[in-house]
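Structural features, examined
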Amino acid sequence: MFKVAVIGASGLLGRALVNELAQQTRWHVVATAFSRPGPDTVALDIRDAQAVDQFVEREAPQALVIAAAERRPDVCEHDPALARALNVDAVRTLAAAARRRGAWTLSISTDYVFDGAHPPYRHDSAPAPLNAYGRSKLEGERALTEATDLGCVLRLPLLYGPIVNWAESAVTSLVPAIAGSASLNGKTAVMDAWAIRYPTFTPDVALVIRQMLERHARGETIRGIVQWSGDEPMTKYEIAVRLAEALRLDAHLRPQSTPADATPRPHNCHLASRQLEALGIGRRTPFDTAIRQVLAAFPWQGGTDA
Ligand SMILES: NC(=O)c1ccc[n+]([C@@H]2O[C@H](COP(=O)([O-])OP(=O)(O)OC[C@H]3O[C@@H](n4cnc5c(N)ncnc54)[C@H](OP(=O)(O)O)[C@@H]3O)[C@@H](O)[C@H]2O)c1
């Protein structure tokens, strides 16, 4: 058995990873959560350095995956101290504790470390984040590298996958407005048609992480920075059109061709995934297939944002 600590197992990506590892008996998973601890998770506030050290000492994982973060750009903009505590300081504490035990740390980062002006971005392209979220995640990447020589950063773009509420992903968060526009007397939903995103399915990312863990377990540890991305470019407007098709809704959508977000966002941060592809790692489920799986498992009931 290979012991893996999944930090942030209650989140969108963490759940997909725990689910992926549960398919094989070789993995012994220790899962942590914060405000949503379940029967099989350890409650851990990663801002509490002493609790983090005790957790890592007690559990002695061979690898630790950090999927806990503050990932909402607007929250990071308004609460930079929280963003720093979770996205920078906690990464340093976790990685240092793991290093002391000789464990490999995989920390998740974002395409928002780039400014989006010159895609595609390689792992060694110059980062230039436009907002507080991107800045905190870039600092988190650096904190990981400083804290351990046995670590790896995996940068990812916009994620979607099995959800427990619509707001969990910036993809599914469009559903209530799409459905509202299709209702009787519904208002036209205006959707951003400026920023180009590469929606990436969390079960595919979970497979990537499992394959990276397998390499570490057989002594072929991946270090440094790697990237993984879906390969279908889409604006939010285009995502909304596909969601409406999948939901069979006669939605009234209008593209907005200039950025309207309060928080500055990059135009196109396409991440090159060549390093992992060259290792034979990865899978890309087509968006239309994956989103139908997500919607089938969490049906739109109409009216309520459960
Ligand atoms: N979602 C995206 O589109 C996206 C895109 C690119 C990169 N990423 C990166 O991917 C990673 C996973 O993101 P996600 O979307 O899965 O995030 P998420 O759904 O928001 O989950 C966040 C996780 O962090 C945990 N957490 C929050 N505060 C904590 C604390 N004080 N102590 C311990 N755990 C805490 C949450 O636990 P509770 O829920 O139990 O409170 C939850 O498990 C993050 O590094 C994010 O930056 C995400």
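Parameters at a glance
Residues numbered from 1 in each chain as written. Predicted model: local features only at pLDDT ≥ 70, side-chain atom pairs only at ≥ 80, totals over all residues. Heavy atoms only, no water. 1 Å grid on protein atoms, 1.4 Å probe; cavity = no way out; pocket = protein on both sides within 12 Å on 5 of 7 lines; lining within 4 Å. Points joined across faces, edges and corners; volume = space filled by probe spheres on them. Helix = DSSP H or I, 4+ residues; strand = E, 2+ residues; numbered from the N terminus. Nonpolar A, V, L, I, M, F, W, Y, C, P; charged D, E, K, R; others polar. Expected span 1.5 Å × (residues − 1). Buried < 20%, exposed > 50% of the residue type's maximum accessible area, 1.4 Å probe, protein only. Arc of directions from axis to C-beta. Near = heavy atom within 4 Å. Polar contact = N/O pair within 3.5 Å; in protein donor to acceptor, adjacent residues only side chain to side chain. Areas by Shrake-Rupley, 256 points an atom, 1.4 Å probe, with all protein chains shown as cover. Domains from an automatic or database assignment. Contact = heavy atoms within 4.5 Å. Buried area = accessible area lost by both parts, 1.4 Å probe. Salt bridge = Lys/Arg side-chain N within 4 Å of Asp/Glu carboxyl O.

Bringing the layout of surface pockets into the picture now. Size it by volume and the second largest pocket reaches roughly 210 Å³. Ala-9, Ser-10, Arg-15, Val-18, Val-29, Ala-31, Arg-36, Gly-38, Pro-39, Asp-40 and Thr-41 together form the lining of the second largest pocket. Contributions of two or more residues to the lining of the second largest pocket are made by helix H1 (12–21) and strand S2 (27–33). Class assignment of the residues belonging to the lining of the second largest pocket gives a composition of five nonpolar, three polar and three charged.

Turning next to helix H8 (residues 236–247). The end-to-end C-alpha distance of H8 is 16 Å, a good match for the 16 Å that twelve residues give at a rise of 1.5 Å each. Every buried residue belonging to H8 is among Ile-239, Ala-240, Leu-243, Ala-244, Ala-246 and Leu-247, and all of these are buried. Summarising the axial view, the buried residues of H8 lie within an arc of 160°, below the 170-degree limit, and thus occupy one face. Once H8 finishes, Arg-248 follows within two positions and takes phi at roughly 55°, a positive value.

Turning our attention to the site of the ligand. Contacts to the ligand come from 27 residues, most closely from Ser-10, Ser-35, Arg-36, Tyr-133 and Lys-137. Taking Leu-13, its main chain carries an N or O atom lying 2.8 Å from an oxygen atom of the ligand. A distance of 3.4 Å separates a nitrogen atom of the ligand from a polar side-chain atom of Arg-47. The protein chains hide 92% of the 900 Å² of surface that the ligand would expose on its own. Elements represented by at least two residues in the shell around the ligand include exactly H1, strand S5 (104–110) and helix H5 (132–147). Considering each element in turn, the shell around the ligand owes the most residues, three residues, to S5. Looking at the shell around the ligand residue by residue, the class counts come to 16 nonpolar, six polar and five charged.

For the chain, the assigned domains are domain 1 (2–160 + 199–227) and domain 2 (166–196 + 234–268 + 286–297). One C-alpha centre belongs to domain 1, the other to domain 2; they are set 27 Å apart. Counting residues at the interface gives 21 residues for domain 1, matched by 18 residues for domain 2. For the pairing of domain 1 and domain 2, the buried interface totals around 1,600 Å² over both sides, and the portion due to carbon and sulfur atoms is 60%. On the surface where domain 1 and domain 2 come into contact, there are three salt bridges. Between Glu-168 and Arg-15 there is a salt bridge, with the nearest N and O atoms lying 2.8 Å from each other. Our count for the contact surface shared by domain 1 and domain 2 stands at seven residue pairs in polar contact (both at pLDDT 80 or more). Secondary structure elements with two or more residues in the side of domain 1 that touches domain 2: H1, helix H3 (73–78) and strand S7 (159–160). Of the residues belonging to the side of domain 1 that touches domain 2, the class tally is twelve nonpolar, three polar and six charged.

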